[in-house]
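A structural walkthrough
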Amino acid sequence: MKPIAQQNVTFDLAAIRARLRSSDGPRYWRSLEEVARTREFTEFLHREFPERASEWIDGLSRRHFLKLMGASLALAGLASCTRQPAEKIVPYIRQPEELLSGQPLFFATAMTLGGYATGLLVESHNGHPTKIEGNPEHPMSLGATNAFHQASLLDLYDPDRSQAVLHQGQISNWEAFLSALNDSLQTQERRKGVGLRILTETGTSPTLHAQIGGVLKKFPEARWHQYEPINCDNVHGGAQIAFGQIVAPQYRFDRARVVVALDSDFMFAHPAALRYARDFMNARRVTAGRSEMNRLYAVEPVPTVTGSNADHRLPLRMSEVTNFAIALGAELGVGRGSATNFTGVSDQRFLSAVAADLKTHRGQSIIIAGETQPPFVHALVHAMNQALGNTGTTIHYTASAESNAGNQVQSLRDLVDELKQGRVEVLLILGGNPAFNAPADFAFAEHLKGARLAIHLSSDRNETSALCHWHIPQNHYLESWSDARSYDGTASIVQPLILPLYAGRSAHELLDALLQSHPRTDYDIVRTFWQSQQRWNDFERGWRRTLHDGLVAETAFPIRQVELSLDQITRAAPRSAIGHLPSAIELSFRPDPTIWDGRFADNGWLQELPKPITKLTWDNAALIGPATAQKRAVSNGDFVELEASGRRLRVPVWITPGMADDCVTVHLGYGRTRIGRVGRRAGFDAFILRSADSFWSGLVTLNKASGRYQFATTQGHMVIDSAEREVYRAGTLADFLAHPEFVKESTRTPSAHETLFNPEAQLFDSPRWAMSIDLTTCIGCNACVLACQSENNIPVVGKAQVARGREMHWLRVDSYFSGELDRPGMNHQPVPCMHCETAPCELVCPVGATLHDHEGLNLQVYNRCVGTRYCSNNCPYKVRRFNFLQYADYHTPSLKPMRNPNVTVRWRGVMEKCTYCVQRISVARITAKNENRPIRDGEVLTACQQVCPTEAIIFGDLSDPNSRIAKLKKHPLDFSMLAELNTRPRTTYLAKLRNPNPALENVA
């Protein structure tokens, strides 16, 4: 039998709705199959492993499988053709004189995504980066990271990275390129750069900005264009309308009591998401002596990480979100609209309750619009925040961190027009992939041929590189020097941790070739720029301090005073309200939650990471709601054809509870044709339908097409029957304040006289390690899953193996729906190994491969394991993973630089699982012993704990009564999953609390 996710069952959605409304319906459910209780689901539920799980894939040879593993199975060598000159980097910690080979060092650096920087600490073993953490001193990181930061390590060692300079597709070298470039520049210098054009992605680098300024001064007729497929054009446009200038709103979620997110995924997709998620959840955390909690309303077309954590969520199409904003403004006395503008939603209670809640919390609220909403909505949101007194308290404005902030789509349009007219003689493209991700109506790939000399700097030979005359391999950020600003303006220094693996160059070096006859190194360029800024009296001391800290102190932008123009906002308003148009299907585009805009498509870690809501892997899909699926008579895996302006996309459907009606969402970034072996032709290219006029949404026709598609999703894997056992606990803040013990009473562990097990008979040495996971503050971002994979050398298995239920992640995040099918509540629950004190896995192992150590940890001895899988069958939590095949290449030497040397690389036929990062415990134990002291509370951070943006995971020593973990175990919200089984897990949870508005009782 195949896993349930591969059955592509046709559902009776009416029967599912009826069951959810009935008393015998499940309170929490993970998939439509679970609610329908299909025969396939019931059979799969009662099997630990599907039928034929141990057999090889039909028709696929082992040799071909190993070729498909890509970056997880074969990494490149570490030596480039030439050795770079020595450059000094500064460790984040002071290196001891007695440092022995093998002991790790941490270096501060930064990674940019969408141009904005996040401060990082990177662990290095013997000069090889092995793990990425957040920089606790960086204001936009606060010690946390997201999945993209964690997985960027794999990109460094990707064997499919570009490794040589190419000219017309043939291998060349840097010197030959410089010679050809100089010939063209001599002509451009005589003509003042009239035919020179530079195209970059979003830029926040002060050094790069200064370099481009130097180029434009040397070539005054040259032009600089910017384009990023996931950009802030609408944010900038809204500020321009509201204030007459481009400014960046800075939000203080820690001060807000009420937050309204209008199609904004500010906890996951915003440039300041790590900081905003931390601030928001700190104001939501239930602690001793604190009985207040903020409240979040979300209005959005497709479920997002932010929306899934809302106290009330209203699914609306994107056009209806605009109408909602107009109506909300009318309720707050802003604009010339009225509540009648709020069309398409029958529930007016939601609008009235939100407006009343905002008025009650004047000066303590935030309304935030997402980057996908049009500029007018952003401008209207600024006006509403000012009317509520939020400006200056929960919101202030600064300059934009972008070096050339403006309309990037228009900038690219101008470049395409010049290419059409044959006015571009030299085109320098620094990063990006516009031939793949530019608006389809621009036909950028076709018009790129109009440039007489096209040069592309890129880390891989992608769709754009294939069309350019010269391709220059780009260094990874862990191989190069640079700088960049965060969303608040803080400047960070990017310093490398390893010499370039290949013959790559940085954008700084390439631009310097336009300015200098003998180009400098990127280190010299960055250092010289900051020396020219005269920020420090003693430059060397200030420079070293900056490299140590990873940021330039006191560079965050100051607050800027702005003046709102209501007349400008009124003139920008739509002339009439946007109607519901029940016969139309509205298409919305979103960056993919795992591969973003396609730049991470060759990253096996991210491809296999389940997406936060759908749990799809290795694919994108046309996401539609149950009501739309019922009207269109389609089910999971059915192909549909989407058509807009004569462009067609054939894509399979995935039914997603919580989607707005008459709406379909497609994630961007899939369907790559020029990429490494991992991401080649995975998924479907949504950029085909994206145009400049429908950049984030537009109307399409949707018709059912022939054929079926097999998805690989983990939503139905490792399922625990929630109909018989309530594995998830949640309630409201009002319930908790009225009756604090309501969770404890429903999750009672058997007492001593009810069981033969004597808890006092099993004694452990100090410390006694344990974990607590706060479900209220867990946002379900999946960063913990990637951190665990990176820390513990967990391999990628591929789509076909995921489809068989063989993914190897030691930690999973289960998503539970509750309530109605079309407007469900959404909940997230990380599930690592429970480290049970009476572990069922230990009783059945015939060789003693799973056992307790002297500190109570449930360990796995790989050398003893003979692969019986009895332990997995006897685990009620389904958290153990079996190496069915040789997923990790144990013998290839080139794998070693990326791997954590303190963690064993497992082989075929053994069971593995979460170990509470026992290697980190060992390091802390040795350090404490050498210093003749006990291990301090908080000294041991597991990988999942350290990465968590909201600090939802806490780990520590139960034997210390003053430790944070010991206090959390006594919290009234503390509960054990499946406590009635008497497994006495060391991993427990704090039940999820929401803070619903009493005026919206019984509304999701």
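Residues numbered from 1 in each chain as written. Predicted model: local features only at pLDDT ≥ 70, side-chain atom pairs only at ≥ 80, totals over all residues. Heavy atoms only, no water.

**Regarding the overall build of the protein chain**
Along its length, the protein chain carries 31 helices and 38 strands. Buried residues in the protein chain amount to 64% of all 1004 residues. Nonlocal contacts in the protein chain, meaning residues at least 24 apart in sequence, comprise 75% of its contacts between residues at least 6 apart. When the accessible surface of the protein chain is summed, it comes to about 36,700 Å², and 49% of that surface belongs to carbon and sulfur atoms. (Helix = DSSP H or I, 4+ residues; strand = E, 2+ residues; numbered from the N terminus. Buried < 20%, exposed > 50% of the residue type's maximum accessible area, 1.4 Å probe, protein only. Contact = heavy atoms within 4.5 Å. Areas by Shrake-Rupley, 256 points an atom, 1.4 Å probe, with all protein chains shown as cover.)

**Description of the pairing of strand β6 (residues 196–200)**
The element β6 is extensively covered by neighbouring structure, given that five of its five residues are classed as buried. Neither face of β6 is left uncovered, since the one carrying Leu196, Ile198 and Thr200 and the one carrying Arg197 and Leu199 both have all their residues buried. Two strands pair when backbone bridges link them, and β6 and strand β14 (residues 426–430) are joined in this way by five bridges, in the parallel orientation. Bridge pairing links Ile198 to Leu428 in β14. With four bridges joining them, β6 and strand β7 (residues 223–226) adopt parallel strand pairing. Bridge pairing in β7 places Leu199 opposite His225. Note on the crossover from β6 through helix α7 (residues 206–218) to β7: the handedness is right-handed. (Pairing = 2+ DSSP bridges. Right-handed = clockwise from strand over helix to strand, strands pointing away.)

**Thoughts on the pairing of strand β37 (residues 987–990)**
Alternating positions in β37 separate into two faces, Thr987 and Tyr989 on one and Thr988 and Leu990 on the other, with burial throughout. Pairing geometry for strand β28 (residues 769–774) and β37, over four bridges, is parallel. Residue pairing across strands places Met771 opposite Thr987, the latter belonging to β37. Examined bridge by bridge, strand β36 (residues 974–975) and β37 share two bridges and lie antiparallel to one another. In the sheet register, Asp974 faces β37, and the bridge partner there is Leu990.

**Remarks on the side chain of His835**
By secondary structure assignment, the location of His835 is in the loop between β30 (824–831) and α27 (840–844). Here Asn858 takes part through its backbone nitrogen, which lies 3.0 Å from a polar atom of the side chain of His835. (Polar contact = N/O pair within 3.5 Å; in protein donor to acceptor, adjacent residues only side chain to side chain.)

**Examining the sheet that holds β36**
Strands in a sheet are paired, the pairing made by backbone hydrogen bonds, and the direction either parallel or antiparallel. Strands sit in the order β35-β28-β37-β36 across an open sheet of four strands; the sheet is mixed. Either end of the sheet is taken by a strand with one partner, and the two such strands are β35 (953–957) and β36.

**A word on α7**
Relative to the 18 Å expected for 13 residues at 1.5 Å per residue, α7 spans 18 Å between its end C-alpha atoms, a close match to the ideal helical length. Where α7 is concerned, the buried positions are Pro206, Thr207, Leu208, Gln211, Ile212 and Val215. Next to the buried residues of α7 lie β6, β7, β17 (482–485), α17 (507–515) and α18 (522–532). (Expected span 1.5 Å × (residues − 1).)

**Concerning the packing of aromatic side chains**
What describes a pair of aromatic rings is the distance from one ring centre to the other and the angle between the planes of the rings. Going through the model one piece at a time under the given rule, you end up with 31 aromatic pairs. Between Phe243 and Tyr397 the ring centres are 4.9 Å apart and the planes differ by 65 degrees, which places this aromatic pair in the edge-to-face class. Here Tyr397 lies in strand β13 (residues 395–399) and Phe243 lies in helix α8 (residues 233–243), a separation of 154 residues in the sequence. Relative to Phe539, the ring of Trp536 has its centre 5.8 Å away and its plane inclined at 50 degrees; by these criteria the two rings are tilted. Following the ring pairs from residue to residue traces out a cluster consisting of Tyr251, Phe253, Phe266, Tyr276 and Phe280. Directly above the ring of Phe639 sits Arg650, whose terminal nitrogen or CZ lies 3.9 Å from the centroid. A cation over an aromatic ring shows up here: Arg672 above the ring of Phe436, its NZ or CZ 5.4 Å from the ring centre. (Phe/Tyr/Trp six-rings, centres within 6.5 Å; stacked < 30°, edge-to-face > 60°. Lys NZ or Arg CZ within 6 Å of the ring centre and 35° of its normal.)

**Quick word on the nonpolar core**
Phe266, Leu328, Ile367, Phe444 and Leu642 are the most contacted members of the largest nonpolar core, which has 239 residues in total. Contacts of Leu642, omitting those with residues within four sequence positions, involve Leu587, Arg647, Arg648, Leu649, Val651, Val664, Val666, Leu689, Val700, Thr701 and Leu702. Ranked by size, the runner-up nonpolar core spans 27 residues in total, among them Leu181, Phe219, Ile472 and Ala513. (Core = buried A, V, L, I, M, F, W, Y, C linked by side-chain atoms within 4.5 Å.)

**Focus: helix α13 (residues 375–387)**
For α13, with 13 residues, the first-to-last C-alpha span of 19 Å sits near the 18 Å given by 1.5 Å per residue. All buried positions along α13 are accounted for by Phe376, Val377, His378, Ala379, Leu380, Val381, His382, Ala383, Met384 and Asn385. Following α13 by one or two positions, Gly389 has its phi on the positive side, about 75 degrees.

**What to know about the packing of α7 against α18**
The interhelical angle for the contact between α7 and α18, taken along N-to-C directions, is 90 degrees, at an axis separation of 10 Å. In terms of their interaxial angle, α7 and α18 are classed as roughly perpendicular. The residues of α18 that touch α7, namely those facing Pro206, Thr207, Ala210 and Gln211, are Ile525, Val526, Phe529 and Trp530. Residue composition of the contact of α7 with α18, grouped by class: six nonpolar, two polar and no charged. (Axes fitted to C-alpha atoms, helices over the stretch in contact; angles between N-to-C directions. Parallel < 35°, antiparallel > 145°, perpendicular 65-115°, else oblique. Nonpolar A, V, L, I, M, F, W, Y, C, P; charged D, E, K, R; others polar.)

**Some words on unusual backbone geometry**
The phi dihedral of Gln534 falls on the positive side, at around 55 degrees, and the residue is not glycine. We note that Ser645 has phi near 55 degrees; this positive angle belongs to a residue other than glycine. Tracing the backbone through its elements, the reader meets Ser645 in the loop between β22 (638–644) and β23 (647–655).

**A short note on the sheet that holds strand β9 (residues 258–262)**
Spatially, the four strands line up as an open sheet ordered β11-β10-β9-β12, and their pairing is parallel. The strands lining the two open edges of the sheet, one partner per strand, are β11 (312–315) and β12 (365–369). The mean inter-strand angle of the sheet, taken between neighbouring strand axes irrespective of direction, is 10 degrees. Examined bridge by bridge, β9 and β12 share five bridges and lie parallel to one another. Note on β12: the bridge partner recorded for Ala261 is Ile368. Against the sheet, helix α11 (residues 318–331) contacts β9, β10 (295–300), β11 and β12, and its axis sits at roughly 140 degrees relative to β9.

**Some remarks on the environment of Gln386**
Note on placement: Gln386 falls in helix α13. Excluding anything up to four places from it in sequence, Gln386 contacts Thr391 and Leu564.

**Structural notes on the packing of α7 against α17**
Angle between the axes and distance between the axes are the two parameters that describe a pair of packed helices. At a minimum axis separation of 10 Å, α7 and α17 run at an interaxial angle of 20 degrees. Taken together, the axes of α7 and α17 lie roughly parallel to each other. The element α7 and its partner α17 pack so that their crossing is left-handed. Listed contacts from α17 to Thr207, Leu208, Gln211, Ile212, Gly214, Val215 and Lys218 of α7 are Ala507, His508, Leu511, Asp512, Leu514 and Leu515. By residue class, the composition of the contact of α7 with α17 is seven nonpolar, four polar and two charged. (Left-handed = near helix turned anticlockwise from the far one by under 90°.)

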